[in-house]
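# Remarks on the overall topology
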Amino acid sequence: MDVFWPGPLTIKLRKRKNALPDMISAGDEFVRVRLLKEGLAYNLIKTAQVPIVAPSANLSGNPTGINIKNIIQELNGKVDYILDSGNVNQDTPSTIVEVDNEKAIIIREGKIKKEEIEKVIKLND
């Protein structure tokens, strides 16, 4: 976190029992955390001065949403709100690293490459 945050790194961590409401992680036993440095979500957090919980702009298993028309089509009726800031100027999604029981595994390689992460921590395959 010290090396890659704020930035395109999402960390998947096991929730502590009774520490967070289930709705934060849609009932999953893990929570995914990212610290932003720019963009609409960053500005919303900065203005509200509180963290926010938000899903990705795609359904699980589908490609990351970067085109607002596609995002609206995919999520229409499935979420309460969609904040439209236009198309996402991001060619590569964040890298997701799961950290559990002192082991780190790359779940999705994205903007931060495996070789960059391996310079900082030992990965488990």
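Overview of the structure. Model, not experiment: these values are computed from the prediction.

### Remarks on the overall build of the chain
A tally of helices and strands in the chain yields three helices and four strands. Ordered by position from the N terminus, the helices and strands of the chain form the series β-β-α-α-β-β-α. Taking 2.2 N^0.38 as the reference for a compact globule, 125 residues should give roughly 14 Å; the C-alpha atoms of the chain span a radius of gyration of 15 Å, in line with that estimate. Taking the principal axes of the C-alpha coordinates as reference, the chain spans close to 40 × 35 × 30 Å. By the burial criterion, 23% of the 125 residues in the chain qualify as buried. Summarising the internal contacts of the chain: among those between residues at least 6 apart in sequence, 34% fall at separations of at least 24.

### Examining the packing of aromatic side chains
Summed over the entire model, instances satisfying the criterion amount to zero aromatic pairs. It is K12 that lies over the ring of F30; its NZ or CZ is 4.7 Å from the centre.

### Topic: a negative patch on the surface
Residues E109, E115, E116 and E118 make up a contiguous surface patch of negative charge. Relative to the helices and strands, E118 resides in helix α3 (residues 114–118).

### A look at the nonpolar core
In this structure, F4, W5, L9, I11, V97, A104, I112, I117 and L123 together form the largest nonpolar core, which totals nine residues. If near-sequence neighbours (up to four positions away) are discounted, V97 is found in contact with L9, T10, I11, K12, A104, I105, I106, I107 and I117.

### Considering the sheet that holds strand β3 (residues 95–100)
Read from one edge to the other, the open sheet built from four strands follows the order β2-β1-β3-β4, with strand pairing classed as mixed. The outermost strands of the open sheet, each flanked by one partner alone, are β2 (30–34) and β4 (103–108). For this sheet, the mean angle separating the axes of adjacent strands, direction not counted, is 25°. Two strands pair when backbone bridges link them, and strand β1 (residues 9–14) and β3 are joined in this way by five bridges, in the parallel orientation.

### Thoughts on a nonpolar patch on the surface
Judged by side-chain polarity, L40, L44, I52 and L83 come together as a nonpolar surface patch covering roughly 340 Å² of accessible area. Within the secondary structure, L83 sits in the loop between α2 (68–75) and β3. Here L83 falls in the exposed class, since its relative accessible area comes to 56%.

### A look at the pattern of salt bridges
Per the stated rule, a full pass over the model turns up five salt bridges. Residue K12 pairs with E98 through a salt bridge whose shortest N-O separation is 3.3 Å. Of this pair, K12 sits in strand β1 while E98 is found in strand β3, placing the two residues 86 residues apart along the sequence. Accessibility classification places K12 together with E98 in one group, the buried group. For the salt bridge of D22 with K15, the shortest nitrogen-to-oxygen distance reads 3.2 Å. For K15, a relative accessible area of 15% gives the class buried.

### Structural notes on the side chain of K12
Residue K12 is classed as buried on the basis of its relative accessible area, which comes to 14%. Among all residues touching K12, those that are not within four sequence positions of it are F30, V31, R32, I96, V97, E98 and V99.

The rules we used
Residues numbered from 1 in each chain as written. Predicted model: local features only at pLDDT ≥ 70, side-chain atom pairs only at ≥ 80, totals over all residues. Heavy atoms only, no water. Helix = DSSP H or I, 4+ residues; strand = E, 2+ residues; numbered from the N terminus. Rg over C-alpha atoms; globule rule 2.2 N^0.38 Å. Buried < 20%, exposed > 50% of the residue type's maximum accessible area, 1.4 Å probe, protein only. Contact = heavy atoms within 4.5 Å. Phe/Tyr/Trp six-rings, centres within 6.5 Å; stacked < 30°, edge-to-face > 60°. Lys NZ or Arg CZ within 6 Å of the ring centre and 35° of its normal. Patch = residues over 30% accessible without salt bridge, like charges linked within 9 Å, V, L, I, M, F, W, Y side chains within 5 Å. Areas by Shrake-Rupley, 256 points an atom, 1.4 Å probe, with all protein chains shown as cover. Salt bridge = Lys/Arg side-chain N within 4 Å of Asp/Glu carboxyl O. Lys, Arg positive; Asp, Glu negative; His and termini not counted. Charge placed at Lys NZ, Arg CZ, Asp CG, Glu CD. Core = buried A, V, L, I, M, F, W, Y, C linked by side-chain atoms within 4.5 Å. Pairing = 2+ DSSP bridges. Axes fitted to C-alpha atoms, helices over the stretch in contact; angles between N-to-C directions.

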